[in-house]
Amino acid sequence: MRLVVIGGGPAGLFAALSASTVCKKASFPAVVTVLERNARPGQKLLASGSGQCNLTQNASPEELVKHYGDNGRFLLPVLNACPPSRVMDWFTAWNVPLIVREDGKVFPRSLRAQDVLRVLMERCIEAGVEFKNESRVVSLNRELKTFLINLEQGATLAADMVIIATGGSSYPTTGSTGDGYLLAKALGHTIVPPHAALTGVIAPQGTLGILSGISFALAGLTLLSGAGKGRYWNGPLLITHSGISGPLVINNSRYLASGDEVALCFLPHEDGRLRTPAEMESLLKQLIDNQGSLQLQTVLHQLALPKAFISWVLQDCGVDGGRKAAEIGKKQLAPLARAIVATKLTISLKGCLEKAMVTAGGVALSEINRKTMRSQLVEGLYLAGEVMDIDGDTGGYNLQAAWSTGWAAGQAAAAAMLGALPS
Ligand SMILES: Cc1cc2nc3c(=O)[nH]c(=O)nc-3n(C[C@H](O)[C@H](O)[C@H](O)COP(=O)(O)OP(=O)(O)OC[C@H]3O[C@@H](n4cnc5c(N)ncnc54)[C@H](O)[C@@H]3O)c2cc1C
């Protein structure tokens, strides 16, 4: 029997290793083949963590699932079966010593993603996995009980089982260009529209860009339109030359879409609650009432905000900061307060996929068995990794999802081949 894994990223490599190990242990003569379009597998893995590879997050499955947006609980069974502790034990046993940082991020002690990829390749080869590189799959059909896999070069391969592990469509230079969506769709799967996630976003209008490089330790972001209207988050914010970024935006970009209107609160309450324009106005009034003889800008500089930001707010609202604070009337205070706690922006994600760390959207989870990663629609088909509608926060969550789903798909496909489970 032959199992073909399409895609040699972390999910595909773990799937192939897991399936091959089961078959080898059972002395079952299965061929496990990884088809990788690049000259070598694992290009995105090599880029992960800026080449240092934050390979997981040292947390319990219950804690982990909170970091994959609304779809996190789908992962619970596979995270329970293949949790970070197990992944860490494996890499340690494979002679890749790890370090766990205070924030829970786990890296190889060498801080080299190459070491993670190298050991995975060694393990796969030792387990008997066959690699066919420069083999881009362009179509996948199922005829009777056999999959026919067509390669770009023209060859056709037959397989009894297939695991699609082609990744998402972000960072396409690494080989993940969304092919898996087309393959799964052609077999009847629903694709939740993919878009960039773990990315900063563009804010084409307005003058905020002159604050490029300025960061806010705690800011708030409210979604004013679109599917997630009314949701808000807080965290560190960075202004970029073209828009907004920083953990606040990056970790919540999965909820954002081009054309959405958002409001930025640059001065939330210390506990993270958003400050309303009315609350901000009354805070400004209080400051001014107590120090009316000072220049307005001197008074505003007492707020826990960067000086450059205060200059921008004054300029953007057309208020002369050199005037005495007492001379500033309600008519001018209201726009100042709104700019500080409710600056509205229309955002765009155009071009963000090129540099986004992950893709939100993908093969609909309702069509995948959450214990085995088996397609609910096509017998013998499994899915693993980012090709599915799963995306995690920064911090090792995405690679952990790739390991766990890859491992589960490999186990289930092997068990099906061995006849232990119906395929
Ligand atoms: C710059 C960057 C840094 C990151 N850092 C981290 C980090 O530190 N920690 C973390 O948890 N996550 C990180 N991520 C995210 C993480 O790397 C991905 O979520 C993870 O690699 C997904 O694994 P995957 O196997 O599903 O897909 P991929 O890694 O994308 O692998 C898919 C593979 O399939 C191949 N392929 C695609 N189409 C075909 C086809 N038609 N035929 C054959 N082969 C095909 C591709 O060439 C690729 O090798 C980072 C991402 C980026 C872009």
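Cut-offs and rules
Residues numbered from 1 in each chain as written. Predicted model: local features only at pLDDT ≥ 70, side-chain atom pairs only at ≥ 80, totals over all residues. Heavy atoms only, no water. Phe/Tyr/Trp six-rings, centres within 6.5 Å; stacked < 30°, edge-to-face > 60°. Buried < 20%, exposed > 50% of the residue type's maximum accessible area, 1.4 Å probe, protein only. Lys NZ or Arg CZ within 6 Å of the ring centre and 35° of its normal. Salt bridge = Lys/Arg side-chain N within 4 Å of Asp/Glu carboxyl O. Helix = DSSP H or I, 4+ residues; strand = E, 2+ residues; numbered from the N terminus. Pairing = 2+ DSSP bridges. Axes fitted to C-alpha atoms, helices over the stretch in contact; angles between N-to-C directions. Contact = heavy atoms within 4.5 Å.

1. Concerning the packing of aromatic side chains
Between two aromatic rings, the relevant description is the distance of the centres plus the angle of the planes.
Moving on, step 1. In this structure the tally under the stated criterion is 14 aromatic pairs.
Moving on, step 2. Where tryptophan 90 meets tryptophan 94, the ring centres are 6.4 Å apart and the plane angle is 5°; that geometry is what we call stacked.
Moving on, step 3. Residue tryptophan 94 is classed as buried on the basis of its relative accessible area, which comes to 13%.
Moving on, step 4. On the numbers, 5.2 Å between centres and 75° between planes, the contact of phenylalanine 91 with tryptophan 94 is edge-to-face. Here phenylalanine 91 and tryptophan 94 have matching classes, each one buried.
Moving on, step 5. Taken together, the ring pairs in this structure connect Phe14, Trp90, Phe91, Trp94, Trp403 and Trp407 into an aromatic cluster.
Moving on, step 6. Above the plane of the ring of tyrosine 255 lies arginine 231, whose end atom (NZ or CZ) is 4.1 Å from the centre.

2. Comments concerning the pattern of salt bridges
Moving on, step 1. Applying the stated criterion to the full structure yields 19 salt bridges.
Moving on, step 2. Between lysine 66 and glutamate 63 there is a salt bridge, with its nearest N and O atoms 2.9 Å apart.
Moving on, step 3. Put simply, lysine 145 and glutamate 379 hold a salt bridge, and the shortest N to O gap is 3.7 Å. On the criterion of sequence distance, the pair formed by lysine 145 in the loop between β7 (137–143) and β8 (146–151) and glutamate 379 in the loop between β18 (358–363) and β19 (381–383) is long-range, its members being 234 residues apart.

3. Some remarks on the sheet that holds β19
Strand pairing in a sheet takes place through backbone hydrogen bonds and is either antiparallel or parallel in direction.
Moving on, step 1. Strand order in the open sheet formed by five strands is β6-β2-β1-β10-β19, and the pairing between neighbours is parallel. Strand pairing shows two members of the sheet lacking a second neighbour, β6 (130–132) and β19, which therefore form its edges. In this sheet, adjacent strand axes meet at a mean angle of 20° when their direction is disregarded.
Moving on, step 2. Pairing of strand β1 (residues 2–6) with strand β2 (residues 31–35) involves five bridges; the strand directions are parallel. Its bridge partner being in β2, isoleucine 6 is matched across the sheet by leucine 35.
Moving on, step 3. Most of the contacts of helix α1 (residues 10–25) go to β2, to which it runs at about 175°, and overall it touches β1, β2, β6 and β10 (161–164).

As far as function goes, none of this settles anything; it's purely spatial.
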